[in-house]
Amino acid sequence: MANEVDPYPGFKDPRGPFGNATTLTTHDTNLLKRTSSYLYVGVAGDLKVTTANGDAVIFENCPVGFHPIRAKIVWSTGTAATDIIALS
């Protein structure tokens, strides 16, 4: 996982403004280009991610909106939410 670029390695202030926004295609192993500061969910549903620290977690019934999640992977398996955008 050495290809990951984390723009907040010291967890400074990831609340923005954001310089990067990426529409996601969920995948079980591919790293995001950059670790997210927030994820925007456009259509509610379960959201499975691997956090910046390597924890795999499912946010059940994740609502539409902005979520302060530092994710490096957004999984296909276990994710029903759609229209997800990673902000960093």
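Below is a summary of the structure that appears in this document.

Parameters and conventions
Residues numbered from 1 in each chain as written. Predicted model: local features only at pLDDT ≥ 70, side-chain atom pairs only at ≥ 80, totals over all residues. Heavy atoms only, no water. Core = buried A, V, L, I, M, F, W, Y, C linked by side-chain atoms within 4.5 Å. Buried < 20%, exposed > 50% of the residue type's maximum accessible area, 1.4 Å probe, protein only. Helix = DSSP H or I, 4+ residues; strand = E, 2+ residues; numbered from the N terminus. Contact = heavy atoms within 4.5 Å. Pairing = 2+ DSSP bridges. Axes fitted to C-alpha atoms, helices over the stretch in contact; angles between N-to-C directions.

Side note on the nonpolar core
Okay, so step 1: Among the nonpolar cores identified, the biggest contains 13 residues, and Leu24, Leu39, Leu47, Val49, Ile69, Val74 and Ile84 are the most heavily contacted of them.
Okay, so step 2: Elements with a minimum of two residues in this core: strand 2 (38–43), strand 3 (45–51), strand 6 (71–74) and strand 7 (82–87).
Okay, so step 3: Dropping the residues within four chain positions of it, isoleucine 69 is found in contact with Ser36, Ser37, Tyr38, Leu39, Leu47, Val49 and Phe59.

Quick look at the sheet that holds strand 1 (residues 21–23)
Okay, so step 1: Read from one edge to the other, the open sheet built from four strands follows the order 1-7-2-5, with strand pairing classed as antiparallel. In the strand order of this sheet, the two ends are held by strand 1 and strand 5 (65–67), each with one partner. Each adjacent strand pair in this sheet contributes to an overall mean axis angle of 25°, direction not counted.
Okay, so step 2: Relative to strand 5, strand 2 runs antiparallel, the two sharing three bridges. Directly across from valine 41, in strand 5, lies its bridge partner glycine 65.

Things to note about the sheet that holds strand 4 (residues 56–62)
Okay, so step 1: Spatial ordering of the open sheet is given by 4-3-6, a layout of three strands whose pairing is antiparallel. Only two strands of the sheet have a single neighbouring strand rather than two, namely strand 4 and strand 6. Strand after strand, the sheet turns through a mean of 35° between neighbouring axes, direction not considered.

Some words on the environment of asparagine 53
Okay, so step 1: By the secondary structure assignment, asparagine 53 is in the loop between strand 3 and strand 4.
Okay, so step 2: Through-space distance from the C-alpha of asparagine 53 to that of alanine 71 is 8.6 Å; in sequence the pair is 18 residues apart.

Focus on unusual backbone geometry
Okay, so step 1: Of note in this structure, asparagine 61 is not a glycine but carries a positive phi near 50°.
Okay, so step 2: Tracing the backbone shows asparagine 61 in strand 4.
Okay, so step 3: Even without glycine at this site, aspartate 83 takes up a positive phi of about 55°.
Okay, so step 4: Among the structural elements, aspartate 83 can be located in strand 7.

All we've got here are geometric facts, nothing functional implied.
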